[in-house]
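Residues per chain are reported as follows:
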Amino acid sequence: MSTPGPRSLAEALRLRDDASLAALLRARADLITPVPTDLTQLATRAGTRASVVRALERLDRFALQTAEALAVAGDPASYDELLGLMTGDEGDPTVTAALPRAVGTLREQALVWGGDEQLRLVRTARELLAPSPQHPSPTGLGPTVQEATAGMSPGRIQEIVATAGLTSTHDSVSAVAALTGLFTDRRRMAALLAEAPAQSREVLERLVWGPPYGQVTADPAAHLRHLLDRGLLLPTAPGTVVLPREVALHLRGGRAHRATEPLPPAPEPTAVHRPQVVDTTAAGQAYTALATVEELLKDWDEGGPTVLRAGGLSVRDLKRTAVALDVSEPIAAFWVELAYAAGLLASDGEADERYAATPAYDEWLEQPAAQRWAGLAQTWLTATRTAGVVGGRDAKDRALSALGPGLDRSAAPEVRHRVLTLLAGLPEGAAPSPDSVLDRLRWERPLRGPQQDDDLRARLARWTLTEAELLGVTGRGALSTQGRALLGAPAPKKADTDEKGPGDKLPVHRVPVVVEPLSPAEQAVASAAAARLLAPLLPEPLDHVLLQADLTAVAPGPLQRPLADMLDVLGDVESKGGATVYRFTPGSVRRALDAGRSASDLHAFLAAHSRTPVPQPLAYLIDDVARKHGHLRVGAASAYVRCDDDALLNEIMADKRAAALRLRRLAPTVLATQADPATLLDGLRAMGFAPAAESADGDVVITRPDAHRTPPRTAPEPVPDGPPTPDATLLTAAIRAIRAGDLASTTPRKQPPSATAPTGTLPRTGSAETLATMQAAVLTGEALWIGYVNAEGAASQRVIAPIRVEGGFVTAYDHTADEVRTYPLHRVTGVAELADEA
């Protein structure tokens, strides 16, 4: 005699051990927020529509196909019936081997419950996956004969039964059962279809894999009438017919799906490179990434673009940034968003709000290069802000701008992590094709919507592959050693180290890699490990340049920060790349002099940092600009010019280009104007002079540009994709609380003969009876069931073993909380003894 299975999902959960409950709560984290009071509430929550939809969306393709097959099977269905729907009449060893895992997944996530003889899909999942005219089943199957004939007249049902060659019955229920038996009998069904005209069979072939609905006229053709008379097509509405599920399954050979996919497609490598080539290529990209972020923030050092009223960068400012960085606009948006996500830039919050670097940027600059890269890469890996959507439209048809609202995509961290994990599972140095990566992701999370091209996960995966290459996490499309460390993945197995092209045969062995997302503490460890691996691959900063006679300096590599900062003032960057070329001009030398440097300082600086002698033309340029620098002095009149050489002032007054400045002579050595000092300085410099600004005390004003910083800002927090996965501590506490609450709600109680309260309500006893029962339990050591209302007014039921009753309080061991607690007696609503079998 077989043991009866659980009668409900709550009973099925009650039979689980703690490890199984922990797996459920880990897979469906929404069930634990807040912690259910007992297993009945957990089962109820697991069956809500929002929770079931979320769980179905996280199934892989084969597990989802298994759930879809259960939705068109009987309720309950046996495992053999499910296997038949998945493999068909011919069988499939691969599907047969994979099905237990899929059923186990559905059971673990509480989407299916019951034993192998009574598999039940939770009601909400069946409603979502079962065929209906409004929501066709992914299997392409239609309703059953019983469902399709629900509104049909008894006389018409009897006509169909008779035409199909069956014996007439006295009621519609038995008639429908007989028709169903015919359609599910393979031998009789084959004979019935053999009698059908060829055109009729063609109609059935067109409907067999779905959609199962078709249109007919009021006077259908003979081949359609043949099908309608025998119930092979059943009317569902005027002019609409449907292929019954039983007929379709016969024509399909018993298969619920045209093609089952029990195994995930493996990402296919298109090339395998030597690991050293991958790592050095990725290191070069990492260095470029650091230089790009520095260049971006240096460009915004004195205050960047203004903030739009709706937030974010304007299209014009993004274009200017792209030109300054010499990249495309989507790539510029990526660097801007990465710096923002890392907390290196933000809006300054002023009345004329602008973007600028944050104080954290200065701290970031002081870190070693490898550590700076690891911080950026870890930020990218966990950030939800997605630069790829910049330029698109939101749900309200508003443009999405860089640094603006609406760029968070909660699925981004998971997709990035999964893409890199797939790369980590390939042989070392192997670069997969993007399409094969997308195929794998679609198998792991099949798209349930109608538009495959609009799949956000597919777009996120493509952006991930591009951004990982830009950052240096990958090199030549393969995961680098430092990228693997950043992910926390195990060391790879060695692959063929020869360079191969797309047409060459590649190693087919793969190592399945499962890398769980890291906790914040683990992320810090992984970032440090990635930085250690990257550091030896980055070029050492240089302390010298090569000066050339054409007034240029060549930096053959990255420069030490003080040298680079000074050259940025003294010269103009002419070209970038493996080597940076700086050009010295009168304007750039004057800029250095304005910053407080003297000619002797500049000569000494160049001599100390050049591996070649200082060219004579450069020395002459510095001396010539310095000789003229400060000869003219500009102050506020609104502005004035003073000079001890009145001949020079005469030259200025005679110059036609000075007409716009409207200068007038106040004294032989002083000119005045209504223009402000900045305008006067710019005008004189445009005329070829080298004036210097002076203060009210007559001292030269040093015009070193001041770095503009925002107040301290925190980096934007990622937007979670639903509740976070609970850790082991939370799971242990939650399961303990759920089981304790379940114990309190299901423990049998003694009820007095007059009790009429329904089961599950709080006990109600008078204060005297409550006190007497408590005191008696202290003497006997028995456990009691009590109702309790806390200070917030929340009612609960508990099982306690009283230890002491005094002063209006009862001290007891609370079986529900598994600890000793003290309760005020006035908050106890009532008390009851437990039944003997408890």
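Going by the structure above, here's the rest.
## Regarding the overall build of the chain
Along the backbone of the chain there are 33 helices and 25 strands. Residue burial in the chain is summarised as follows: out of 838 residues, 47% are buried. Look at the contacts in the chain between residues 6 or more apart in sequence, and 67% of them connect residues 24 or more apart. As presented, the chain carries roughly 40600 Å² of accessible surface, and 54% of it is formed by carbon and sulfur atoms.

## Regarding the pattern of salt bridges
For the structure shown, the criterion picks out 33 salt bridges. Across the pair D116 and R107 runs a salt bridge, and its minimum N-O distance is 2.8 Å. Classification of R107 by relative accessible area gives partly exposed; the value is 26%. As a salt-bridge pair, R804 and E806 come within 3.2 Å of each other at their nearest N and O atoms. For R804, a relative accessible area of 40% puts it in the partly exposed group. Three or more residues are tied together by salt bridges with common partners; here these are R156, E159, R225 and D229.

## Regarding helix α6 (residues 79–87)
Every buried residue belonging to α6 is among Y79, L82, L83, L85, M86 and T87, and all of these are buried. Looking at the buried positions of α6, the neighbouring elements they touch are α5 (61–72), α7 (93–108) and α15 (245–251). Taken from the residues just after α6, G88 is the one with a positive phi, measuring 80°.

## Regarding the packing of α5 against α7
Direction vectors running N to C along α5 and α7 enclose 80°, while the axes themselves pass 9 Å from each other. Put simply, α5 runs roughly perpendicular to α7. Contacts from F62, A63, T66, A67 and L70 in α5 reach V95, A98, L99, R101, A102, V103 and L106 in α7. In terms of residue class, the contact of α5 with α7 is made up of ten nonpolar, one polar and one charged.

## Re the sheet that holds strand β3 (residues 213–215)
Reading across the sheet, the three strands line up as β3-β5-β4 and stay open at both edges, with antiparallel pairing between neighbours. Looking at the sheet topology across the chains shown, the edges are occupied by β3 and β4 (234–237). Across the sheet, the mean angle separating the axes of adjacent strands is 40° when strand polarity is ignored. Across three bridges, the pairing between β4 and strand β5 (residues 240–242) is antiparallel. Looking at the pairing, A237 lines up with T240 of β5.

## What to know about the nonpolar core
Within the largest apolar cluster, 88 residues are counted, with the highest numbers of intra-cluster contacts made by F183 and L233. Broken down by element, the residue count for this core peaks at eight residues, all from α5. What L233 contacts, discounting residues up to four positions off in sequence, is V203, L204, L207, L224, L227, L228, V241, V242, L243 and P244.

## Re the sheet that holds strand β14 (residues 572–575)
One open sheet accounts for four strands, arranged β12-β13-β15-β14; its pairing is antiparallel. Whereas interior strands pair on both sides, the edge strands pair on one side only; in this sheet they are β12 (546–548) and β14. Strand-to-strand twist of the sheet, defined as the mean angle between neighbouring strand axes without regard to direction, takes the value 30°.

## Things to note about the side chain of D30
Following the sequence through the fold, D30 ends up in the loop between α2 (18–27) and α3 (39–46). Despite its burial, D30 pairs with no opposite charge; the closest candidate is R54, at 4.1 Å N-O. In this structure the side chain of D30 is engaged in a polar contact, spanning 2.7 Å, whose partner is the side chain of S51. Aside from chain neighbours lying at most four places away, what touches D30 is R45, S51, R54 and P723.

## Considerations on unusual backbone geometry
Cis geometry marks the peptide bond from T33 to P34; its omega dihedral reads -10°. Mapped onto the elements of the fold, P34 is located in the loop between α2 and α3. Notably, A110 is not glycine yet its phi reads approximately 60°, a positive angle. Structurally, A110 is set in the loop between α7 and β1 (112–113).

## What about the packing of aromatic side chains?
Tallying each qualifying case throughout the model produces four aromatic pairs. With 4.9 Å between their ring centres and 55° between their planes, F334 and W335 make a pair best called tilted. Each member of the pair, F334 as well as W335, is classed as buried. Summarising the aromatic geometry, the rings of Y788 and Y823 are spaced 4.8 Å apart at their centres and angled 65° between planes, so their arrangement reads as edge-to-face. With Y788 in strand β21 (residues 784–789) and Y823 in strand β24 (residues 819–824), this pair connects stretches of sequence that are 35 residues apart. Looking at Y823, the relative accessible area reads 3%, which means it is buried. Sitting over the face of the ring of W364, R372 holds its NZ or CZ atom 5.2 Å from the ring centroid.

## So, the environment of T306
With respect to the secondary-structure elements, T306 resides in the loop between α16 (275–299) and α17 (315–325). What makes T306 partly exposed here is its relative accessible area of 31%. On a C-alpha basis, the gap between T306 and A356 in space is 9.5 Å, while along the polypeptide they are 50 residues apart. Contacts of T306, omitting those with residues within four sequence positions, involve G312, D317, D352, E353, R354 and Y355.

## Remarks on the environment of V122
With respect to the helices, strands and loops of the structure, V122 is situated in the loop between β2 (120–121) and α8 (123–129). In this structure, the C-alpha to C-alpha distance between V122 and D75, residues 47 residues apart in sequence, is 10.0 Å.

## Brief notes about the pairing of β21
Where burial is concerned, most of β21 is hidden: five out of the six residues are buried. Sheet topology note: the β21/strand β22 (residues 795–806) ladder contains six bridges and is antiparallel. Bridging across to β22, V789 finds its partner in A795. Between β21 and β22, which pair antiparallel one after the other, the connecting turn spans five residues, and G793 there sits at a positive phi close to 90°.

The rules behind the values
- Residues numbered from 1 in each chain as written.
- Predicted model: local features only at pLDDT ≥ 70, side-chain atom pairs only at ≥ 80, totals over all residues.
- Heavy atoms only, no water.
- Helix = DSSP H or I, 4+ residues; strand = E, 2+ residues; numbered from the N terminus.
- Buried < 20%, exposed > 50% of the residue type's maximum accessible area, 1.4 Å probe, protein only.
- Contact = heavy atoms within 4.5 Å.
- Areas by Shrake-Rupley, 256 points an atom, 1.4 Å probe, with all protein chains shown as cover.
- Salt bridge = Lys/Arg side-chain N within 4 Å of Asp/Glu carboxyl O.
- Axes fitted to C-alpha atoms, helices over the stretch in contact; angles between N-to-C directions.
- Parallel < 35°, antiparallel > 145°, perpendicular 65-115°, else oblique.
- Nonpolar A, V, L, I, M, F, W, Y, C, P; charged D, E, K, R; others polar.
- Pairing = 2+ DSSP bridges.
- Core = buried A, V, L, I, M, F, W, Y, C linked by side-chain atoms within 4.5 Å.
- Lys, Arg positive; Asp, Glu negative; His and termini not counted.
- Polar contact = N/O pair within 3.5 Å; in protein donor to acceptor, adjacent residues only side chain to side chain.
- Phe/Tyr/Trp six-rings, centres within 6.5 Å; stacked < 30°, edge-to-face > 60°.
- Lys NZ or Arg CZ within 6 Å of the ring centre and 35° of its normal.

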